[in-house]
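# Breakdown of the fold
Listed here are the chains, written in short residue letters.
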Amino acid sequence: MQWEGIVEFVAVVEAQSFTGAAQRLGLSVAQVSRQVSALEQRLATRLLYRTTRRVSVTEAGQLYYRHCRPLLDGLQEAEQALSYSQDKPAGHLRLTAPVYYGETVVAPLLHRYLLDFPAVTAELNLDNRKIDLVADGYDLGIRLGPMDESSLMVKRLGSRTHYVCASPDYLERHGEPHTLAELSQHQCLVGTIAVWRFSEGGVLREIHVGGRLRCNSGTALLDAALNGLGLVQLPDYYVADALESGRLTGVLTAYTVQDGIWATYPRSRYIPPKVSRLVDYLERAMTLMQKSAPSGYPVVP
């Protein structure tokens, strides 16, 4: 009886809503509400203020949460220590990755991992936003680019190469740039941020670019480049096939820049086998991809 409602209460505090807590726990909103109400009745204390628009934590609720959170962490670690001793991946795995990279690389590898370890179930959320793994209850996140996350455990899985390229038709009409300064004379197809990154003599350079088209989709920018609308800078997994087939031509290759592909997961004394084995699996697969792929392109084997 003493534990009833505590998990639900902590989830509501961390999600800042009953709906978010219900989604996180896999319960109905009504179930979460009943459990929290029963907990408040047992404690004879109001823990949460509820309105139609938001949930806020009372002073007593904040005090109770600060004591409950370590208790739940300890209980989880106790269960993990027991299951980890068996060293067999099992249980439900929640992970997140960027949309396109998740669709083309992470998902196929995850599917093979699930075939190898039938005791694991998985939920893959593809989202280009930087998700808070701890607050949203994720076991693992795949992130791309520079990594400055100090609150999480981080492991480098591989690297990606950023290519500047254009269709042969565009280069025939507008000429090929040979220096970074010449980018200002070209139509540059711009993504979310109008800055392209280059390596010049081992030094990172950031160049502001512009053109007729701006879009937050790499797939759309690739199509625009294939249709001769301008230069584009995209990671290898977008453009490798087009470069290999000659539909796109790489330019400014002396300034090509690389950055990392990372596995990130919450800090803990015990890393569950379902996470550690998947991270090792991804690292081995991505290493093979980089060794066997043309132009460093990570083709799923």
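This text gives an overview of the structure that appears in the document. What you are looking at is a predicted structure, and each value in this text was computed from that prediction instead of being measured. (Residues numbered from 1 in each chain as written. Predicted model: local features only at pLDDT ≥ 70, side-chain atom pairs only at ≥ 80, totals over all residues. Heavy atoms only, no water.)

## A look at the packing of aromatic side chains
- Counted under the stated rule, the structure contains seven aromatic pairs.
- One residue, Arg 94, lies across the ring of Tyr 138, its end atom 4.1 Å from the ring centre. (Phe/Tyr/Trp six-rings, centres within 6.5 Å; stacked < 30°, edge-to-face > 60°. Lys NZ or Arg CZ within 6 Å of the ring centre and 35° of its normal.)

## Observations regarding the pattern of salt bridges
- Summed over the entire model, instances satisfying the criterion amount to 13 salt bridges.
- Between Arg 24 and Glu 14 there is a salt bridge, and its shortest N-O distance comes to 2.9 Å. With Arg 24 in helix H2 (residues 18-25) and Glu 14 in helix H1 (residues 6-15), this pair connects stretches of sequence that are 10 residues apart.
- A salt bridge links Arg 94 to Glu 123, with the shortest nitrogen-to-oxygen separation between them at 3.1 Å. One end of the pair, Arg 94, is in strand E3 (residues 91-97); the other, Glu 123, is in strand E4 (residues 120-126), and 29 residues separate them in sequence. (Salt bridge = Lys/Arg side-chain N within 4 Å of Asp/Glu carboxyl O. Helix = DSSP H or I, 4+ residues; strand = E, 2+ residues; numbered from the N terminus.)

## Some points on the packing of H1 against helix H3 (residues 29-43)
- It is at 8 Å that the axes of H1 and H3 come closest, and there the two elements cross at 110°. Taken together, the axes of H1 and H3 lie roughly perpendicular to each other. Judged by residue contacts, Ile 6, Glu 8, Phe 9 and Val 12 of H1 engage Val 32, Gln 35, Val 36 and Leu 39 from H3. (Axes fitted to C-alpha atoms, helices over the stretch in contact; angles between N-to-C directions. Parallel < 35°, antiparallel > 145°, perpendicular 65-115°, else oblique. Contact = heavy atoms within 4.5 Å.)

## Focus on the packing of H1 against H2
- In the contact formed by H1 and H2, the axes pass within 8 Å of each other and the chain directions differ by 120°. Relative to H2, the element H1 is oriented oblique. Seen from above, H1 lies across H2 with right-handed handedness. Contacts from Val 7, Glu 8, Ala 11, Val 12, Glu 14 and Ala 15 of H1 reach H2 at Phe 18, Gly 20, Ala 21, Arg 24 and Leu 25.
- For the contact of H1 with H2, the class distribution of residues is seven nonpolar, one polar and three charged. (Left-handed = near helix turned anticlockwise from the far one by under 90°. Nonpolar A, V, L, I, M, F, W, Y, C, P; charged D, E, K, R; others polar.)

## Observations concerning the state of the cysteines
- Scanning all chains against the criterion turns up zero disulfides.
- The closest cysteine sulfur to the non-disulfide-bonded Cys 188 is located on Cys 165, 12 Å from its own sulfur.
- Residue classification places Cys 188 among the buried positions, given a relative accessible area of 0%.
- We note that Cys 215 lacks a disulfide partner, and the nearest cysteine sulfur, in Cys 188, lies 15 Å from it.
- Judged by relative accessible area, Cys 215 falls into the partly exposed class, the value being 23%. (Disulfide = S-S within 2.5 Å. Buried < 20%, exposed > 50% of the residue type's maximum accessible area, 1.4 Å probe, protein only.)

## A closer look at unusual backbone geometry
- For Ala 44, which is not glycine, the phi dihedral falls at a positive 55°.
- Structurally, the position occupied by Ala 44 is in the loop between H3 and strand E1 (48-50).
- The backbone of Leu 252 shows a phi angle near 55°, a positive value even though the residue is not glycine.
- Along the polypeptide, Leu 252 turns up in the loop between strand E11 (249-251) and strand E12 (257-266).
- Residue Leu 252 is classed as buried on the basis of its relative accessible area, which comes to 7%.

## Some words on H1
- The buried count for H1 comes to eight of 10 residues, which makes it a mostly enclosed element.
- Turning to H1, its buried residues number three or more, namely Ile 6, Glu 8, Phe 9, Val 10, Ala 11, Val 12, Val 13 and Glu 14.
- Trailing H1 by a residue or two, Gln 16 shows a phi angle of about 60°, which is positive.

## Quick word on a nonpolar patch on the surface
- A cluster of nonpolar side chains, Trp 3, Leu 71 and Leu 75, forms an exposed patch at the surface whose accessible area comes to about 300 Å².
- Residue class for Leu 75 comes out partly exposed when judged on its relative accessible area of 38%. (Patch = residues over 30% accessible without salt bridge, like charges linked within 9 Å, V, L, I, M, F, W, Y side chains within 5 Å. Areas by Shrake-Rupley, 256 points an atom, 1.4 Å probe, with all protein chains shown as cover.)

Interpretation in functional terms is not warranted from these geometric data alone.
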